[in-house]
Amino acid sequence: MAAEDTSVSGVSGRYATALFELARDQKVVDEVKADLEKFEGMLNESADLKRLVRSPVFAADAQSRALSAVLDKAGIAGISANFLKVLTANRRLFAVADVIRAYRALVAKFKGEATADVTVAEALSDKNLDALKVALKSVTGKDVALNVKVDPSIIGGLVVKLGSRMIDSSLRTKLNSIKHAMKEAG
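Residues numbered from 1 in each chain as written. Predicted model: local features only at pLDDT ≥ 70, side-chain atom pairs only at ≥ 80, totals over all residues. Heavy atoms only, no water.

Rules: UniProt positions are given in the numbering used here, feature names are shortened, and annotations may be inferred rather than shown by experiment.
Going by the annotation in an unreviewed UniProt entry, the name recorded for the chain is ATP synthase subunit delta, with Bradyrhizobium canariense given as the source organism. Under the UniProt heading Sequence similarities (unreviewed entry), the entry covering the chain gives this text: "Belongs to the ATPase delta chain family."

Shown next as structure tokens:
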């Protein structure tokens, strides 16, 4: 089932599919998703952890020891911790963000949800996230899982990518449109 999903491909897709199938068989899909999201949050907040994950300079055993300490401190155990350790041992930890994204897509498909990638200028409140989910649900007819990315360069507004559709209401895009219109007029 999961292997047929074309949205997950490449190395990250294969790892995510293997993890998803293992988690599904052991009935811990949501727990693994929560652990991966916790790790992703830590990754986004810590420059040192990002460097550990992305840098090829660290030896595999040093990277593994450091990751084990981080996982223990974060309370991430079981399948999730073992999976992240396998990524490290196979020298694929650099792809963890893509693996998490692919895993999320597999979980959404499994639950009959749609997944939307949302880019915002600053973090949204829970109220705004819920309103966005409701609006997207009215469009798709499905519950929508959000992958939110903060990108201050869009200045304001948001960019939503849902399947093959993309809605760009960012202030940066609107300003660029005005700039091009003014060049053509002048």
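**What about the overall build of the chain?**
So the rule is basically this: Strands are runs of DSSP state E lasting at least two residues, helices are runs of H or I lasting at least four, and both sets are numbered from the N terminus onward. Accessible area is worked out with a 1.4 Å probe on protein chains only. A residue is then buried under 20% of its type maximum, exposed over 50%, and partly exposed in between. What makes two residues a contact is simply this: any of their non-hydrogen atoms within 4.5 Å.
Secondary structure summary: the chain contains eight helices and four strands in total. Listing each helix as α and each strand as β along the chain from the N terminus yields α-α-α-α-α-α-β-α-β-β-β-α. Within the chain, the fraction of its 186 residues that count as buried is 35%. Taking the contacts inside the chain whose residues are at least 6 apart along the sequence as the reference set, 64% of them involve residues at least 24 apart.

**Focus on the pairing of strand 4 (residues 165–168)**
Heads up, the condition is: For two strands to be treated as a pair, DSSP must find no fewer than two bridges joining them.
Note that strand 3 (residues 158–162) and strand 4 share four bridges and pair antiparallel. Note that in strand 4 the partner of Leu 162 across the bridge is Arg 165. The antiparallel pairing of strand 3 with strand 4 creates a hairpin that spans two residues between the two strands, and Gly 163 there sits at a positive phi of about 65°.

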